Amino acid sequence: MRPFAYQRASSLAEASRLGAETGRGQCDAPAQFLAGGTTLVDLMKLDVLRPARLVDINRLRERHGGIEVAPQGLRLGALASMSDVAGDRAVQASYPVIAQSLQLAASAQLRNMATLGGNVLQKTRCPYYRDPSWTECNKRNPGSGCAALEGFNRNHAVLGVDRSCIAQYPGDLGVALVALDSQVIVNEGQSQRPIAFADLHRPVDGRPDLETMLNPGDVITAFIVPAGPWTRRSLYLKVRDRESYEFAIASAAVALDLDGDVVRGARIGLGGLAYRPWRAREAEDALVGKPLTEETARDAAHAALAGAVTHGDNDYKPELGRRTLVRALLQAKAMEV
Ligand SMILES: Cc1cc2nc3c(=O)[nH]c(=O)nc-3n(C[C@H](O)[C@H](O)[C@H](O)COP(=O)(O)OP(=O)(O)OC[C@H]3O[C@@H](n4cnc5c(N)ncnc54)[C@H](O)[C@@H]3O)c2cc1C
Ligand code: SF4
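Residues numbered from 1 in each chain as written. Chains lettered and ligands numbered in written order. Predicted model: local features only at pLDDT ≥ 70, side-chain atom pairs only at ≥ 80, totals over all residues. Heavy atoms only, no water.

### Looking at the domain arrangement of the protein chain
Now for step 1: Parsing the protein chain into structural domains produces domain 1 (5–55) and domain 2 (66–120 + 172–226).
Now for step 2: Here the C-alpha centre of domain 2 lies 19 Å away from the C-alpha centre of domain 1.
Now for step 3: Carbon and sulfur atoms make up 61% of the area that domain 1 and domain 2 hide from each other, which totals about 1,100 Å².
Now for step 4: One can count three residue pairs in polar contact (both at pLDDT 80 or more) joining domain 1 with domain 2.
Now for step 5: The biggest single contributor to the side of domain 1 that touches domain 2 is helix α1 (residues 12–19), with five residues.
Now for step 6: Across the side of domain 1 that touches domain 2, the residue classes break down as six nonpolar, six polar and one charged. (Domains from an automatic or database assignment. Buried area = accessible area lost by both parts, 1.4 Å probe. Polar contact = N/O pair within 3.5 Å; in protein donor to acceptor, adjacent residues only side chain to side chain. Helix = DSSP H or I, 4+ residues; strand = E, 2+ residues; numbered from the N terminus. Nonpolar A, V, L, I, M, F, W, Y, C, P; charged D, E, K, R; others polar.)

### Here we look at the pairing of strand β5 (residues 73–77)
Regular strands place side chains that alternate from one sheet face to the opposite one.
Now for step 1: Of all the five residues making up β5, four are buried; the element is thus mostly covered by neighbouring parts of the structure.
Now for step 2: Here strand β4 (residues 67–70) pairs with β5 via four bridges, running antiparallel. Across the sheet, the residue bridging to Glu68 is Arg75, located in β5.
Now for step 3: The hairpin turn running from β4 into β5, its antiparallel successor, is two residues long.
Now for step 4: Sheet topology places β5 next to strand β8 (residues 219–226); five bridges connect them, and they run antiparallel. The residue of β8 that forms the bridge with Arg75 is Ile224. (Buried < 20%, exposed > 50% of the residue type's maximum accessible area, 1.4 Å probe, protein only. Pairing = 2+ DSSP bridges.)

### A few points about a nonpolar patch on the surface
Now for step 1: Taken together, Met1, Phe4 and Tyr6 make up a surface patch of nonpolar side chains, about 310 Å² in accessible area.
Now for step 2: With respect to the helices and strands, the residue Phe4 is situated in the segment before β1 (5–8). (Patch = residues over 30% accessible without salt bridge, like charges linked within 9 Å, V, L, I, M, F, W, Y side chains within 5 Å. Areas by Shrake-Rupley, 256 points an atom, 1.4 Å probe, with all protein chains shown as cover. Salt bridge = Lys/Arg side-chain N within 4 Å of Asp/Glu carboxyl O.)

### Examining the sheet that holds β5
Now for step 1: Strand order in the open sheet made by the five strands is β4-β5-β8-β6-β7, with antiparallel pairing throughout. In this open sheet, the two strands that pair with only one neighbour each are β4 and β7 (191–196). Between one strand and the next, the sheet's axes are offset by a mean angle of 20°, whatever the strand orientation.
Now for step 2: Seen against the sheet, α1 touches β6 (183–188), β7 and β8 and runs at an angle of roughly 120° to β8. (Axes fitted to C-alpha atoms, helices over the stretch in contact; angles between N-to-C directions. Contact = heavy atoms within 4.5 Å.)

### Remarks on the side chain of Arg111
Now for step 1: Following the sequence through the fold, Arg111 ends up in helix α6 (residues 108–113).
Now for step 2: A distance of 2.7 Å separates a polar atom in the side chain of Arg111 from the backbone oxygen of Ala105.

### Re empty space enclosed by the protein
Now for step 1: Counted under the stated rule, the structure contains one cavity of 30 Å³ or more.
Now for step 2: For the lining of the largest cavity, a count of residues per class yields 10 nonpolar, five polar and two charged. (1 Å grid on protein atoms, 1.4 Å probe; cavity = no way out; pocket = protein on both sides within 12 Å on 5 of 7 lines; lining within 4 Å. Points joined across faces, edges and corners; volume = space filled by probe spheres on them.)

Below, the structure written as structure tokens:
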């Protein structure tokens, strides 16, 4: 690991100020925030991230680590641990998709250390990104090409990709947050600004090195999930190569408002399949006003994966994605709420 300076921030304003130095790209950003450290320190050891400075934000946990369930919605402090939110009874009852997306992620030890803010900003697990001995990686080394296009791409994305990068967004919480129209609250200097969670991660658009809408020094302080008639009938279905401690190869976050069998409202996110947390609006539109049956669920799943682009090893993903979504929809319909 390369040498770096370590500083602890005692307030948001101090964290923003210390983190605000600009860099050439996200891999080269001279300052990084240290929350749980479970992504950041890993990538520093691998020499993928090379910050000159770490700004420890753990002193902000008390002030920005709360969980509030109110009639108008859910507010989650960005410094809350994954395990605290996964284990919160009110979140489990009113927003099960959020609790499950966290409970099914990583391992118990990681969930205890890791924060929600760090979770949504975690980096891709693309092996070429994580190993600097590969020069070809546009995300780590802009303009160098993409080794995964012709290489090992079994876990790579099929939605939202272009020839510059086919990396998969690996997180689970982000899939639930994008489905539920969540907002991110960001602190910049002295002020707070809300961003739609759907806009936090940039589309690839030929620049995979630019990952989010955040500016240097921006600290995520909270996530707001608006209440809705669909949040109780919601779930997260994760398909992976082994039953625990593994990233998704396909996942679906589903929230339904039903009138008998008929879909009044649907909120759907997909994970393991896309370049960024993916909202499947085509699938939602295909369902609304129709009875939820295996057939309509299949039609919705076809609509969701219609734009899939595969690259050989990941040819299996569109069908796996469709089956995952059908199963999630039918399981959500069967929930007793
Ligand atoms: C073996 C392994 C398996 C895993 N499996 C899964 C899985 O199945 N599902 C899943 O979702 N995740 C999984 N993860 C990822 C894990 O959940 C993340 O590493 C963790 O959530 C990151 O949170 P952190 O607090 O440790 O972030 P850190 O490592 O401290 O930070 C990560 C990044 O976010 C930035 N950052 C952190 N907090 C803020 C903030 N508040 N504002 C602005 N920037 C911030 C940091 O600067 C850094 O760039 C796994 C990780 C490992 C190592
Ligand atoms: S898929 Fe993206 S992260 Fe992976 S090698 Fe290609 S450019 Fe790099």
